[in-house]
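What follows is each chain in one-letter form.
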Amino acid sequence: MKKILSLLMVLLMVIAVASCGKDDPNMPTTVTADKTYEITFMVGGGQPTSNAVTMNIGDFSGIASYAKNVYKADLVPAGASLTITGITAGGHELKGAKLALDGTKSTLDLGNLTQDKTTTTTTDINFLQQVANRIVSNKSASVTFSTTQSVKDISRTVPVKIKMNVIFHLK
């Protein structure tokens, strides 16, 4: 009797797990979406500064209704970039600039910046892929831009723009 009861329990558990498939039979297998985030901060003479932005999975257009079904993200390198402006016009030098993925040891060292920067280097793309992976695993990610100091005394707003184009894989 115990064997029959155990077999029946296993069969019911298999049926329960199998029925937890896709909620929507018309759900796509992938969704490609993009989003540009901006971190702004004031730079001033000799002052360290940092500011963060939180990136949520629902921020990407077309993915909010499928957020619970996302299991993987692939960054599209051609649609991803990191842009920092306001440095050249302000005559600033940002020393020790870096981006950090909060809650991890992942950082992107940008070095000393003396001019505006738009980049899509492999290192930048790899960092942004780590951000996309974190967004999938935690449904959000926080990225902090920091610099140890600015050489000029005039305060100026500097925006850091992170553009991400991501293919979200759904199950």
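Right above here is the structure, for reference.
The structure reproduced in this document is the subject of the present report. (Residues numbered from 1 in each chain as written. Predicted model: local features only at pLDDT ≥ 70, side-chain atom pairs only at ≥ 80, totals over all residues. Heavy atoms only, no water.)

A tally of helices and strands in the chain yields 3 helices and 10 strands. For the chain, the succession of helices and strands along the chain, N to C, is α-β-β-β-β-α-β-β-β-α-β-β-β. Here the chain holds 171 residues, and 39% of them are scored as buried. In the chain, of all internal contacts separated by at least 6 residues, the share reaching a separation of at least 24 is 81%. Counting every atom, the chain has about 9,500 Å² of accessible surface; 55% of that belongs to carbon and sulfur. (Helix = DSSP H or I, 4+ residues; strand = E, 2+ residues; numbered from the N terminus. Buried < 20%, exposed > 50% of the residue type's maximum accessible area, 1.4 Å probe, protein only. Contact = heavy atoms within 4.5 Å. Areas by Shrake-Rupley, 256 points an atom, 1.4 Å probe, with all protein chains shown as cover.)

Here we take up the environment of V53. As for its position among the elements, V53 is in strand β2 (residues 49-56). Assessed through its relative accessible area of 13%, V53 is described here as buried. Sequence-wise, V53 and T40 are 13 residues apart; in three dimensions their C-alpha atoms are separated by 9.1 Å. If sequence neighbours within four positions are ignored, V53 has contacts with Y37, E38, I39, A141, S142 and V143.

Attention now moves to the nonpolar core. The biggest cluster of nonpolar side chains holds 45 residues, and the ones touching the most others in it are L99, F145 and F168. Contact partners of F145, with chain neighbours within four places excluded, come to I39, F41, T49, S50, N51, I84, L94, A97, K98, L99, L110 and V160. (Core = buried A, V, L, I, M, F, W, Y, C linked by side-chain atoms within 4.5 Å.)

This brings us to the pairing of strand β6 (residues 107-113). Sheet topology note: the strand β5 (residues 94-101)/β6 ladder contains 5 bridges and is antiparallel. In the sheet register, A100 faces β6, and the bridge partner there is T107. Once β5 ends, the chain turns through 5 residues before running back antiparallel as β6, passing G103 with a positive phi of about 85 degrees. (Pairing = 2+ DSSP bridges.)

Our focus in this paragraph is the packing of aromatic side chains. In total, this model carries 3 aromatic pairs according to the counting rule given. With a centroid separation of 6.2 Å and 65 degrees between ring planes, the pair formed by Y37 and F60 is classed as edge-to-face. Of the two residues, Y37 sits in strand β1 (residues 30-43) while F60 sits in the loop between β2 and β3 (70-75), which places them 23 residues apart along the sequence. An identical accessibility class is assigned to Y37 and F60; each is buried. Summarising the aromatic geometry, the rings of F41 and F145 are spaced 4.9 Å apart at their centres and angled 25 degrees between planes, so their arrangement reads as stacked. In this pair, F41 sits in strand β1 while F145 sits in strand β8 (residues 140-147), placing the two residues 104 residues apart along the sequence. Side by side, F41 and F145 carry an identical accessibility label, which is buried. An aromatic cluster of three or more residues is present, and its members are Y37, F60 and F168. The residue whose ring lies beneath K35 is Y37, and the NZ or CZ to ring-centre distance is 5.7 Å. (Phe/Tyr/Trp six-rings, centres within 6.5 Å; stacked < 30°, edge-to-face > 60°. Lys NZ or Arg CZ within 6 Å of the ring centre and 35° of its normal.)

Okay, the side chain of S106 next. For S106, the location among the structural elements is in the loop between β5 and β6. Those residues in contact with S106 that lie beyond four places of it in its chain are L99, A100, L101, F127 and Q130.

Positive phi, normally seen in glycine, also occurs at K139, with a value near 65 degrees. In this fold, K139 is placed in the loop between α3 (122-138) and β8. By relative accessible area, which is 30% here, K139 ends up partly exposed.

Helix length check: α3, at 17 residues, gives a terminal C-alpha distance of 24 Å against a target of 24 Å (1.5 Å per residue), a fit within 8%. Among the residues making up α3, those that are buried are D124, I125, F127, L128, Q129, V131, A132, I135 and V136. Taken from the residues just after α3, K139 is the one with a positive phi, measuring 65 degrees. (Expected span 1.5 Å × (residues − 1).)

Worth remembering: the numbers are spatial, not functional.
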